[in-house]
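One letter stands for each residue in the lines below.
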Amino acid sequence: QVQLVESGGGLVQAGGSLRLSCAASGSIWSINAMGWYRQAPGKQRELVAAITSGGSTNYADSVKGRFTIARDNAKDTVYQQMNSLEPENTDVYCCNAAVVGDEKEYDYWGRGDQVAVSS
């Protein structure tokens with residue numbers, strides 16, 4: 001069993017910054033891709049940013065130049081630095097990890113962390 005625990009969310013004014021963290025723990029052999037998704041009530045999850053085990057990154061167009069994803073493989077942790085936040089960035093942000101165990105890859109999700117940006 002693997003657990004993902006997010007932290008770092010909160011309330012910030014427009015133009016401000018937050019740094020999200022997501023730590024994976026449990027039966028982990030290795031982790032392939034890790035990423036952050038946003039989810040609004042009644043809507044599908046949307047990819048915000050993703051990073052491979054080798055460090056290649058992918059971002060949603062709306063956050064390019066403002067958000068930066070990074071990971072610490074030794075700590076099984078992924079981060080998302082969010083700068084120049086806008087009210088439109090308000091949402092629940094969920095961490096995702098593709099964890100390798102028993103020679104298979106399994107998809108795990110955190111419970112989410114609320115980010116609220118006031119105008």
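Here the structure is a predicted model, which is why all the values come from computation and not from measurement.

Enquirer: Summarise the overall build of the protein; cite the residues concerned and give the values.
Expert: Along its length, the protein carries zero helices and eleven strands. Each helix and strand of the protein, ordered N terminal to C terminal, gives the series β-β-β-β-β-β-β-β-β-β-β. Computed over the C-alpha atoms, the radius of gyration of the protein is 14 Å, within 12% of the 14 Å expected from 2.2 N^0.38 for a compact globule of 119 residues. Taking the principal axes of its C-alpha atoms as reference, the protein extends roughly 45 × 25 × 20 Å. Across the 119 residues in the protein, those meeting the buried criterion constitute 39%. When contacts within the protein are restricted to residue pairs at least 6 apart in sequence, long-range pairs at least 24 apart make up 54% of them.

Enquirer: Describe the side chain of Ser 21, listing the residues and the values that go with them.
Expert: Within the element layout of this structure, Ser 21 appears in strand β3 (residues 18-26). Once residues within four sequence positions are removed from consideration, Ser 21 is found in contact with Val 5, Glu 6, Ser 7, Trp 36, Val 78 and Tyr 79.

Enquirer: Lay out the pattern of salt bridges with the relevant residues and their values.
Expert: All told, the structure shown has three salt bridges when counted by the stated rule. A salt bridge links Arg 38 to Asp 91; the nearest nitrogen and oxygen atoms lie 2.8 Å apart. Of this pair, Arg 38 sits in strand β4 (residues 30-39) while Asp 91 sits in strand β9 (residues 91-101), and the two are 53 residues apart along the sequence. In terms of burial, Arg 38 and Asp 91 fall into one category: buried.

Enquirer: Break down the environment of Glu 6 for me, with residues and values.
Expert: On the secondary structure map, Glu 6 appears in strand β1 (residues 2-7). Sequence separation between Glu 6 and Val 78 is 72 residues; the distance between their C-alpha atoms is 9.3 Å. Every residue in contact with Glu 6, bar those within four places of it in the chain, is listed here: Ser 21, Cys 22, Trp 36, Tyr 93, Cys 94, Cys 95, Gly 110, Arg 111, Gly 112 and Asp 113. Of note is the side chain of Glu 6, whose polar atom sits 3.2 Å from the backbone nitrogen of Arg 111. Here Gly 112 takes part through its backbone nitrogen, which lies 3.0 Å from a polar atom of the side chain of Glu 6.

About the cut-offs
Residues numbered from 1 in each chain as written. Predicted model: local features only at pLDDT ≥ 70, side-chain atom pairs only at ≥ 80, totals over all residues. Heavy atoms only, no water. Helix = DSSP H or I, 4+ residues; strand = E, 2+ residues; numbered from the N terminus. Rg over C-alpha atoms; globule rule 2.2 N^0.38 Å. Buried < 20%, exposed > 50% of the residue type's maximum accessible area, 1.4 Å probe, protein only. Contact = heavy atoms within 4.5 Å. Salt bridge = Lys/Arg side-chain N within 4 Å of Asp/Glu carboxyl O. Polar contact = N/O pair within 3.5 Å; in protein donor to acceptor, adjacent residues only side chain to side chain.

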